Each structure stands twice: as C-alpha cells, then as structure tokens.
Amino acid sequence: QVQLVESGGGLVQPGGSLRLSCAASGPIRSINVMGWYRQAPGKQRELVASITSGVRTSYADSVNGRFTISRDNAKNTVYLQMNSLKPEDTAVYYCNADVILTWGLRFGSWGQGTQVTVSS
C-alpha cells in the first residue's frame, strides 16, 4: 500500500550532473530516515546517502563532497543531487524510506530502482 517511485536516472558524461527524485505515496503518517542506495553489476549494494527527519545527513566516502541529499517532508520526497559524476558512479540507485502508516504500522520500503550510467 506504500509505493516509492524513483525518477531522474539516465545517461550522463563524466563530470556531469544528475538529480534523482523519490516520491512516496500511500496512507503515510510520517517518514523517518530516508536514504539512497546503489548497486553496480558484480558489487554489493551500498548506502550512498541518508537523511533523517531532522535533516541530518550522512554520505559514503566515495560521494562525499559531490552528492547532496535533501528532502521535502510535505511532498514525502527525497532527492539526490549528483555532481562531478564519475564512471564508477554507474549503478542502479534505490530509494529507501522508514515509513509510518496512518494507523501506526511501520514499514521499511524500497523503490524499484533507477539506472544511472556515467560514460563518455
């Protein structure tokens, strides 16, 4: 009954920028921490960035200084601004949210993923 939909992925050249969005829908009371993960072929899924309901942020060392995570609580949406992209950033990016439903049930929800390809 809760759906997370990512958008904004695509093909970009090295050094370019891309902005990902993830919108949560359904009978949502509130969302605690939200985050972005990524998984490249043959690699383990890794946490890229996270943001709490109090807008504290954290980043993986590999993206720190290049990526910025933000959220709009009124829209139940989290964003990932990706700058200075590198080929090693190529992966499927997944949105994750700790969702509390209107009747109090808590879910850890995942989006379907969006492909980001950095290549010349």
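See the structure shown above.
The model shown is predicted, which means the values in this text are computed figures rather than measured ones.

Caption draft 1: Seen up close, the overall build of the protein chain. Counting secondary structure elements, the protein chain contains 0 helices and 11 strands. Secondary structure of the protein chain in N-to-C order comes out as β-β-β-β-β-β-β-β-β-β-β. By the compact-globule yardstick of 14 Å for 120 residues, the protein chain fits well, its C-alpha radius of gyration being 14 Å. Counting only C-alpha atoms, the protein chain reaches 50 × 25 × 25 Å along its principal axes. By the burial criterion, 41% of the 120 residues in the protein chain qualify as buried. Residue pairs at least 24 apart in sequence account for 56% of intrachain contacts in the protein chain once pairs closer than 6 positions are excluded.

Caption draft 2: A look at the state of the cysteines. One pass over the structure, following the stated rule, counts 1 disulfide. Linked covalently through their sulfurs, C22 and C95 form a disulfide whose S-S length is 2.1 Å. On the sign convention where negative is left-handed, the bridge of C22 and C95, at about -85° about the S-S bond, is left-handed. Here C22, found in strand β3 (residues 18–25), pairs with C95, found in strand β9 (residues 91–101); they are 73 residues apart in sequence, far enough to count as distant.

Caption draft 3: Broad picture of the pairing of strand β4 (residues 28–39). Bridge count between β4 and β9: 9 bridges; the pairing is antiparallel. Residue pairing in the sheet places G35 in a bridge with N96 of β9. As paired elements, β4 and strand β5 (residues 46–51) share 5 bridges and run antiparallel to each other. Looking at β5, one finds that W36 is bridged to A49. In this structure, the hairpin formed by β4 and β5 is closed by a connection of 6 residues, where G42 is found at a positive phi of approximately 75°.

The rules behind each value
Residues numbered from 1 in each chain as written. Predicted model: local features only at pLDDT ≥ 70, side-chain atom pairs only at ≥ 80, totals over all residues. Heavy atoms only, no water. Helix = DSSP H or I, 4+ residues; strand = E, 2+ residues; numbered from the N terminus. Rg over C-alpha atoms; globule rule 2.2 N^0.38 Å. Buried < 20%, exposed > 50% of the residue type's maximum accessible area, 1.4 Å probe, protein only. Contact = heavy atoms within 4.5 Å. Disulfide = S-S within 2.5 Å. Pairing = 2+ DSSP bridges.

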